[in-house]
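The lines below spell out each chain.
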Amino acid sequence: MSGFQDLLQFVFAGITSGAIYALIALGFCVVHNTIGIVNFAQVDFVSLGGMFLFSGLFWSGLPMVVALPCAVAAVTLVGIVVERLGVRPSRSQNHLVLIFLTIGISIILRGGMKLIWGKNRMAVPPLAGEEPLRIAGAAILPQAVAILVITTLAIGLLVFFFRGTRLGLCMRAVASNQTAAAVVGIPVGRVKAASFALAGGLGGLAGVLVTPITTLSYDVGVLLGLKGFAAAILGGFGSFPGAVLGGLLLGLLESLSAGYWSSAYKDVSAFVVLLLVLFVRPKGLLGK
Amino acid sequence: MLTTRDNLFYFIYLHRTGLTVLALGVVLVAWPVMESNPYNLGLSNLIAIYAIVVLGLNLFIGYAGQISLGHAAFFAIGAYGSAIGTVTLGGPAWPVMMAVALVAALIALAVGLPALKLSGHYLAMATLGFNIVVYTILVQWDAVTGGPSGFAGIPYLTIGSVVFDNEIHFHYLVWTFAMVALLLCLNLVRSGVGRGLAALAEDETAAAALGVDTRRAKVKVFILSAVLASVAGSLFAHCYAFVSPDSFNIFVSVDFVIMVVVGGMGSIWGTLFGTALITLLPEWIEALESFKDIIHGLILVMILLFLPQGLVTGIVDAVRTRIALNRHA
């Protein structure tokens, strides 16, 4: 293989994982913008997506086309439940309390998954075939193509949702000024629940897309989710274009450093760069 | 004119902190005499080691109002530093422990100076990232750290001819350190520096306006908590003679934070309680092994929802309010 083919291969791999990080990062941003907290339960939405897909395929025998949207919908529901039972009852305005609260919810979700699906690693079949495609000498799994296509679609839908639908506009209003939004009659509580639903959906989607490539276990989402959080921070927390940019950059950085330096330390390089960016530009790349 | 009885009560009230420390000290000195089961002593020793970390972390979270999801990294630096310093480099244990604490302080300074400019989620991410970096190095750099299988053969600590090689000796060793840390924290929060930190946690701008050098104060308390965590890590390594990366991953950092929250953010005595509760909990609910995580999480969520000031502080506050209400009823 030539140097160019290697590079192409690493870039493809980077964009694929970058797309996943971007989806997770968007989930973090949605909740942060409307409620103003970091929702650490986002990492478990990712694992849950994979788990529901697994159950849909193998427990209820659904075909992939049905199981996938069902899994995403199920995680969306979990998101609403988390908001209703976990976050909303807290009257605290204290940042620390709210962050630790979502950490607690995350522990509960992980415990629940361990209980229902066990601790063993499981395998989820890919959406499309397993025969790699060859583009300019680089091999790409069909699953990677599926990830890119579905992620692009999802981001497109999200843009439309925030610009063209009533609920999306309400969410932006609440994000920009909660009191003012309430004054003009926007149901702030329902919008907050919707933002958790959206975060659940995005996390779940990332989960169903990524688990065929990784393997599935109750804690698969932790490192993925934290990298998604890192991507959101890198791009500027709360900024949607920032989240996508941060995700892609983080994915590329990781795969290039794994390719040209050391695959054992790829997590280190990703986080070190993140720390350096934060130290130079604490608001993130596109943060305000 | 005060009666003798009043005087006695006043004396007790005036010296309540000192007397509680004294009582705790007496109980701790006598504890190995009453409890001879090495397993239970091992548990109480673990509480002491964790308490040293959590005391420092509580100063940082509870008093300075900052967030750290990466203190297991400093715990790791202490443990692995002592292991490598004594075994690989063949250094004497006590000076190595001090040198490692110094290294931890320098790392905390290097990380803290830029990181503490950040706040809230950014700080959470920076400390979390730091923990992941340290953990990955522990796992991957196996020529030095022993990799995933861990680092064995760390020598016991000695003072003169006394070798700290059994649970009773460990007890006196680790609890001495824990008590020193406790006294340090109790005194610190009553000092000008401690008051400054408390002001900082309430409102950074107001504290700065009142002349607290907020940036310097935050970095200082971060370094102090890192040093405490590092010393605790060294003790951990010398007592168990074995360390492995799993004792230092991000979930351990989260556990430290849970201990702070359960005990009460900003409550020094609560820290001891929270540490003990969370350390002992897995033992008590052993029968419910598969529910362990859920119970862990539920405790944290319930406390944050209903008693966000922590279990001890929350209950004390509730009782005080009730008494005050009854008095005026």
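Residues numbered from 1 in each chain as written. Chains lettered and ligands numbered in written order. Predicted model: local features only at pLDDT ≥ 70, side-chain atom pairs only at ≥ 80, totals over all residues. Heavy atoms only, no water.

Okay, the overall build of chain A next. Scanning chain A for helices and strands turns up 11 helices and 2 strands. Order of helices (α) and strands (β) in chain A, N terminus to C terminus: α-α-α-α-β-β-α-α-α-α-α-α-α. Here the C-alpha atoms of chain A give a radius of gyration of 19 Å, agreeing with the 19 Å that 2.2 N^0.38 yields for 288 residues. Burial statistics for chain A: of 288 residues in total, 56% are counted as buried. Across chain A, every contact between residues at least 6 apart in sequence was considered, and the portion connecting residues at least 24 apart equals 74%. When the accessible surface of chain A is summed, it comes to about 11800 Å², and 68% of that surface belongs to carbon and sulfur atoms. Averaging the positions of the 18 positive and the 8 negative side-chain charges in chain A gives two centres separated by 17 Å. (Helix = DSSP H or I, 4+ residues; strand = E, 2+ residues; numbered from the N terminus. Rg over C-alpha atoms; globule rule 2.2 N^0.38 Å. Buried < 20%, exposed > 50% of the residue type's maximum accessible area, 1.4 Å probe, protein only. Contact = heavy atoms within 4.5 Å. Areas by Shrake-Rupley, 256 points an atom, 1.4 Å probe, with all protein chains shown as cover. Lys, Arg positive; Asp, Glu negative; His and termini not counted. Charge placed at Lys NZ, Arg CZ, Asp CG, Glu CD.)

In terms of regular secondary structure, chain B is built from 15 helices and 4 strands. The C-alpha radius of gyration computed for chain B amounts to 21 Å, which stays within 12% of the reference 20 Å derived for 329 residues, consistent with globular compactness. In terms of its C-alpha atoms, chain B occupies a principal-axis envelope of roughly 70 × 50 × 45 Å. A total of 329 residues make up chain B; the buried ones form 52% of that total.

A complete count under the given rule lists 23 aromatic pairs over all chains for this structure. Between Phe10(A) and Tyr260(A), the ring centres sit 5.1 Å apart and the planes meet at 80 degrees, which makes this aromatic pair edge-to-face. With a gap of 250 residues between them, Phe10(A) in helix H1 (residues 3–35) and Tyr260(A) in helix H10 (residues 240–260) connect regions that are remote in the sequence. By way of ring pairs, the aromatic residues Tyr50(B), Phe75(B), Tyr80(B), Phe236(B), Tyr240(B), Phe248(B) and Phe256(B) are connected into one cluster. When the ring centre of Tyr13(B) is taken as reference, the NZ or CZ atom of Arg16(B) above it lies at 4.5 Å. (Phe/Tyr/Trp six-rings, centres within 6.5 Å; stacked < 30°, edge-to-face > 60°. Lys NZ or Arg CZ within 6 Å of the ring centre and 35° of its normal.)

Core analysis: the biggest nonpolar cluster contains 202 residues, and Phe100(A), Val243(B) and Phe256(B) have the highest contact counts within it. Here this core gets 16 residues from one element, more than from any other, and that element is helix H3 (residues 38–63) of chain B. (Core = buried A, V, L, I, M, F, W, Y, C linked by side-chain atoms within 4.5 Å.)

What follows concerns the interface of chain A and chain B. In this complex, chain A contributes 44 residues to the contact, which on the side of chain B involves 42 residues. Summing both sides of the interface, chain A and chain B together bury roughly 3600 Å²; the carbon and sulfur share of this comes to 84%. Applying the counting criterion to the chain A and chain B interface returns 1 salt bridge. Two residues, Asp293(B) and Lys114(A), come together in a salt bridge whose shortest N-O distance is 2.7 Å. Linking chain A to chain B there are 3 residue pairs in polar contact (both at pLDDT 80 or more). Elements represented by at least two residues in the side of chain A that touches chain B include exactly helix H3 (64–87), helix H4 (95–117), helix H9 (220–235) and helix H11 (266–280) of chain A. In the side of chain A that touches chain B, the residues fall into 31 nonpolar, 9 polar and 4 charged. (Buried area = accessible area lost by both parts, 1.4 Å probe. Salt bridge = Lys/Arg side-chain N within 4 Å of Asp/Glu carboxyl O. Polar contact = N/O pair within 3.5 Å; in protein donor to acceptor, adjacent residues only side chain to side chain. Nonpolar A, V, L, I, M, F, W, Y, C, P; charged D, E, K, R; others polar.)

Okay, H9(A) next. All names here are of chain A. For H9, spanning 16 residues, the distance from its first C-alpha to its last is 23 Å, which sits close to the expected 22 Å at 1.5 Å a residue. Counting buried residues along H9, 15 of its 16 residues qualify, which places the element largely inside the surrounding structure. Immediately beyond the C-terminal end of H9, within one or two residues, lies Gly236, with a positive phi of roughly 110 degrees. (Expected span 1.5 Å × (residues − 1).)

Attention now goes to unusual backbone geometry. For Ala241(B), which is not a glycine, the phi torsion comes out positive at approximately 60 degrees. Tracing the chain through its elements places Ala241(B) in the loop between helix H11 (214–240) and strand E4 (242–243).

In the structure shown here, the tally under the stated rule is 6 salt bridges over all chains. A salt bridge links Arg110(A) to Asp44(A), with the nearest nitrogen and oxygen atoms 3.4 Å apart. With a gap of 66 residues between them, Arg110(A) in helix H4 and Asp44(A) in helix H2 (residues 42–58) connect regions that are remote in the sequence. Overall, the relative accessible area of 11% leaves Arg110(A) in the buried class. A salt bridge links Arg216(B) to Asp213(B); the nearest nitrogen and oxygen atoms lie 3.4 Å apart. For Asp213(B), a relative accessible area of 44% corresponds to the partly exposed category.

Turning to its location among the elements, Gln66(B) is positioned in the loop between H3 and helix H4 (71–88). The class of Gln66(B) is buried, set by a relative accessible area of 7%. There is a polar contact of 3.0 Å between the side chain of Gln66(B) and the backbone oxygen of Ala64(B). Apart from the residues lying within four places of it in its own chain, the contact partners of Gln66(B) are Leu96(A), Phe60(B), Ile61(B), Leu123(B) and Lys218(B).

Here the focus is the side chain of Ser55(A). Residue and element names in this part refer to chain A. Examined against the element boundaries, Ser55 turns out to sit in helix H2. On the accessibility criterion, Ser55 (9% relative accessible area) is buried. If we skip the residues at most four places from it in the chain, Ser55 touches Ser60 and Trp117.

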